[in-house]
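Fold and contact review
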Amino acid sequence: MKKSKSAKVQSQQQNGHVLPFKFAKLLDPEASWDKDQLGDVLHWIRQVLGLVCGLLWGAIPLVGAIWILVFLVLSSGIIYGYYAHILKIDEEEYGGHATLLQEGLFASFTLFLLAWILVYSLAHF
């Protein structure tokens, strides 16, 4: 007999096996998230965004503090839109808006600045 999908998941969890992460879960508002998983996803979304914006800002070339603010607003807006509108989670279960919006912010900001400065310096000097 074939096991149902939920029976397979339960047996894998009971046996102590690590379940593979499925990318379909990233866009599923009905998926269950634990605090660490959600934090990791938000962190890596921010890292990719920081790298892409840093490369783009350096290649264009954009200069000035206003572009730092644009990155911070864009990054926080995308993260907020992702967890509030796509995942539709209750942010209070995960520590509130401040906790979710801070996840990966400083590492992403550092990566953004590094990419921006390196690309700008290498391409335009």
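- Looking at an unreviewed UniProt entry, one finds the protein chain named Respirasome Complex Assembly Factor 1 and attributed to Phoenix dactylifera.
- Looking at the Subcellular location (unreviewed entry) heading of the UniProt record, one finds this comment for the protein chain: "Endoplasmic reticulum membrane".
- Its UniProt record gives the protein chain the following Sequence similarities (unreviewed entry) comment, quoted word for word: "Belongs to the EMC6 family."

Side note on the packing of aromatic side chains
- One pass over the structure, following the stated rule, counts seven aromatic pairs.
- Ring geometry for F71 against F112: centres 4.1 Å apart, planes inclined by 5 degrees, an arrangement best described as stacked. In this pair, F71 is assigned in helix α3 (residues 65-86) and F112 in helix α5 (residues 105-124), connecting sequence segments 41 residues apart.
- Overall, the relative accessible area of 0% leaves F71 in the buried class.
- Among the residues examined, F112 registers a relative accessible area of 0% and is labelled buried.
- Pairing F109 with F112 gives two aromatic rings, centres 6.4 Å apart and planes at 35 degrees, and the pair type is tilted. Residue F109 and its partner F112 are located together in helix α5, separated by three residues, close to a single helical turn.
- Here the aromatic cluster, defined as three or more aromatic residues joined through ring pairs, consists of W57, W67, F71, F109, F112 and W116.
- In this structure, K25 packs its charged tip against the face of W33, placed 4.6 Å from the ring centre.

Quick notes on the environment of I78
- In this structure, I78 sits in helix α3.
- Residue classification places I78 among the partly exposed positions, given a relative accessible area of 36%.
- Separated by 23 residues in sequence, I78 and L101 have C-alpha atoms that sit 9.8 Å apart.

Definitions and limits used
- Position labels on residues start from 1 in each chain and follow its written sequence.
- The predicted origin of the model limits local features to residues at a pLDDT of at least 70 and limits the giving and counting of side-chain atom pairs to 80 or more, whereas totals for whole chains, interfaces and linings rest on all residues.
- To obtain the side-chain values, all non-hydrogen atoms of the structure were included, while hydrogens and water were left out.
- UniProt positions are given in the numbering used here, feature names are shortened, and annotations may be inferred rather than shown by experiment.
- Classification of ring pairs rests on two measures: the distance between centres of Phe, Tyr or Trp rings, Trp counted by its six-membered ring, which must be within 6.5 Å, and the angle between planes, read as stacked under 30 degrees, edge-to-face over 60 and tilted in between.
- Every helix listed is a DSSP run of H or I at least four residues long, and every strand listed is a run of E at least two residues long, numbered separately from the N terminus.
- Buried residues are those whose accessible area, probed at 1.4 Å on protein chains only, stays under 20% of the maximum for their type, while exposed residues exceed 50% and partly exposed ones sit between those limits.
- Whether a charge sits over a ring comes down to the Lys NZ or Arg CZ being within 6 Å of the ring centre and within 35 degrees of the ring normal.

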